[in-house]
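One-letter residues, chain by chain:
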Amino acid sequence: MAKLTSDALDIIRQYAALLETVEEGLDYVEASFSDPRRMHADVLLSDVLLALGKIGETNVYLEQLFAEENDFVQHLERFVDVLDAAAALDGQFSDAAAKERIVCGRLSPAFQAWKAAVSGRLRRYVVQ
């Protein structure tokens, strides 16, 4: 386990909280496709996409911080799969069927799989 400064631990805790928030946001957006009462899903999806960008930026920092933990760094690098799935939404916001197919079939599963792999390694730093 790496020795981390209190600032690094704060960043990791905020990062872990952001991962949870993104997962909840994707769950809401997925549910909105079958429940028209769930309003503002497009706004939330836009926020999720912005958060994915922030996660990508933070991954660069974490890759440096955990450079000696090759396995963890490899999991962080797999975030590119999530970004590829998110990129498929480009130009598809007005096509509800395409948006649903991409969010439910690609983006959400890719994010959840990636998050599960990364969260397990972060847990030891978040829960203390």
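Residues numbered from 1 in each chain as written. Predicted model: local features only at pLDDT ≥ 70, side-chain atom pairs only at ≥ 80, totals over all residues. Heavy atoms only, no water.

A. Here's a closer look at the packing of aromatic side chains. Throughout the structure, instances matching the rule amount to 4 aromatic pairs. Aromatic side chains F66 and Y125 sit 5.1 Å apart centroid to centroid with 50 degrees between the ring planes, which places their arrangement in the tilted category. Residue F66 is located in the loop between α2 (41-65) and α3 (70-77), and its partner Y125 is located in helix α5 (residues 96-126); the two are separated by 59 residues in the primary sequence. Relative to W114, the ring of F111 lies with its centre 6.0 Å away and its plane at 45 degrees, an arrangement referred to as tilted. (Phe/Tyr/Trp six-rings, centres within 6.5 Å; stacked < 30°, edge-to-face > 60°. Helix = DSSP H or I, 4+ residues; strand = E, 2+ residues; numbered from the N terminus.)

B. Expanded view of the packing of helix α1 (residues 6-32) against α5. Contact pair α1 / α5: the axes reach a minimum separation of 10 Å and the direction vectors enclose 155 degrees. It follows that α1 is roughly antiparallel to α5 by the angle criterion. Viewed along their axes, α1 and α5 form a crossing whose handedness is left-handed. Residue classes in the contact of α1 with α5 are distributed as 17 nonpolar, 3 polar and 6 charged. (Axes fitted to C-alpha atoms, helices over the stretch in contact; angles between N-to-C directions. Parallel < 35°, antiparallel > 145°, perpendicular 65-115°, else oblique. Left-handed = near helix turned anticlockwise from the far one by under 90°. Nonpolar A, V, L, I, M, F, W, Y, C, P; charged D, E, K, R; others polar.)

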